[in-house]
Amino acid sequence: MIQHVGHERHYSEGVDGWHEGDGGKPSWVVVEPDELVDAAKRHGISDQALRTLEHYVPGAGPTPHAHPLRGHVDRSPDGEILLSVPTLSYVSETRDVHTGSLTCVVGPGIVITAEVGDSGIVEAALERLTSGVPIPDEGAGKILAAVVLTLVTRASEVEASLGDAVADTEGVVFSTERVPGDPVERIYDLKREIAEARRALGPIATVVPMLEAEAEGSRRKVRDAPPWMRRTQAVADRLDRHLDAHDQLLDAMLQVHLSQVSVRQNEDMRKISAWAAIAAVPTLIAGIYGMNFRHMPELDWTFGYPIVLVAMGAICAGLYVQFRRVGWL
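Residues numbered from 1 in each chain as written. Predicted model: local features only at pLDDT ≥ 70, side-chain atom pairs only at ≥ 80, totals over all residues. Heavy atoms only, no water.

S.K.: How should I be thinking about the nonpolar core in this particular structure?
M.R.: Nonpolar side chains in soluble globular proteins tend to be buried together. Within the largest apolar cluster, 55 residues are counted, with the highest numbers of intra-cluster contacts made by W28, L83, L162 and L211. Elements supplying a minimum of two residues to this core: β3 (27-31), β5 (81-91), β6 (96-107), α3 (121-130), α4 (140-173), α5 (183-218) and α6 (227-289). Ranked by the residues each element gives to this core, the list is headed by α4, at 16 residues. In this structure W28 touches R9, H10, Y11, W18, V111, T113, V122, A125, L126, L129, I143 and V147, once residues within four positions along its chain are discounted. Within the second largest apolar cluster, 15 residues are counted, among which are V31, A49, L50 and L53. (Core = buried A, V, L, I, M, F, W, Y, C linked by side-chain atoms within 4.5 Å. Buried < 20%, exposed > 50% of the residue type's maximum accessible area, 1.4 Å probe, protein only. Helix = DSSP H or I, 4+ residues; strand = E, 2+ residues; numbered from the N terminus. Contact = heavy atoms within 4.5 Å.)

S.K.: Just to check I follow, could you spell out unusual backbone geometry for this structure?
M.R.: A positive phi angle is found at R95, which is not glycine, with a value near 55 degrees. Structurally, R95 is set in the loop between β5 and β6. What makes R95 partly exposed here is its relative accessible area of 32%.

S.K.: I tried to follow the packing of α4 against α6 on my own but got confused; where do I start?
M.R.: What describes two packed helices is the angle between their axes and the distance between those same axes. Contact geometry of α4 with α6 gives a least axis separation of 10 Å together with a crossing angle of 15 degrees. When the interaxial angle is binned, α4 and α6 end up roughly parallel. Considering how the two elements wind past one another, α4 and α6 form a crossing that is left-handed. Here the contact of α4 with α6 is built from residues that sort into 16 nonpolar, 9 polar and 2 charged. (Axes fitted to C-alpha atoms, helices over the stretch in contact; angles between N-to-C directions. Parallel < 35°, antiparallel > 145°, perpendicular 65-115°, else oblique. Left-handed = near helix turned anticlockwise from the far one by under 90°. Nonpolar A, V, L, I, M, F, W, Y, C, P; charged D, E, K, R; others polar.)

S.K.: Hey, could you run me through the packing of aromatic side chains in this one?
M.R.: What describes a pair of aromatic rings is the distance from one ring centre to the other and the angle between the planes of the rings. Applying the stated criterion across every chain yields a total of 2 aromatic pairs. Plain terms: the ring middles of W275 and Y320 are 5.9 Å apart, the flat faces sit at 40 degrees to each other, and that makes the pair tilted. Note that W275 is positioned in helix α6 and Y320 in helix α7 (residues 304-325), a separation of 45 residues in sequence. Judged by relative accessible area, which is 47%, W275 ranks as partly exposed. (Phe/Tyr/Trp six-rings, centres within 6.5 Å; stacked < 30°, edge-to-face > 60°.)

The structure is reproduced here in structure tokens:
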């Protein structure tokens, strides 16, 4: 019943829900990125849509190195919607944000999807559909809704993980114990990952209004696009604000850390200066009596040597007590 071409997988909606198989409408075709254009041809996507698709699918057409962090929504004269959007995933062990891309071709009663990267959006969206979780919209729009909602959910998980990493970094920066590694390097690494997440989230937030406009344009009798699109736009905007807050918190931590370093350096300089002042006293006295001039009456004193030693010790002790009192030692 299932016809596979290459790595092509088919899913369709029946009376008992979504299942794997090529036998109903709407249907969802999942392919590898390098098979997307050929799959679109096999499933009747128009030539105009195919030409548009080749322009921004990574690895296809005249732009084989299309940037994965640019979102696109196009609509062909025959009504097909072409969507390309970045994806996000997070590796907690290395605190790295990985980006990829997801491309969908939405035709009459069919959606063809290909994903690049390790975000697993397609698999998670398939699980949404086949597990019976309520999905808004209907027909092919239900597949698109599952994909976009999963995309934003995964972005939300990445944002939460970055928030946890920022909280851990805050504990490291303000810890009284020595922690291996440079906090500044850790802060900058996190800022770089947050910047990458925001670069990927920006096109997602941009694509949703474009999808909304396309949906409104395709429904001549309906003024408003599906409500889930507006909710998705609100979530994407909220995630961007949260990421911006994380970035600002890292900026504050960096400033505080640099201030702490400056304070510690000042404390070290005070200690060094105090000990240098204490060491200068016996050095000065020893230097004076080491000049060996002929007329130095103290050299003939019977108790001159112990008196000088006691005087040096007393002066050094007095300086030590005074420096301790003012907090330099």
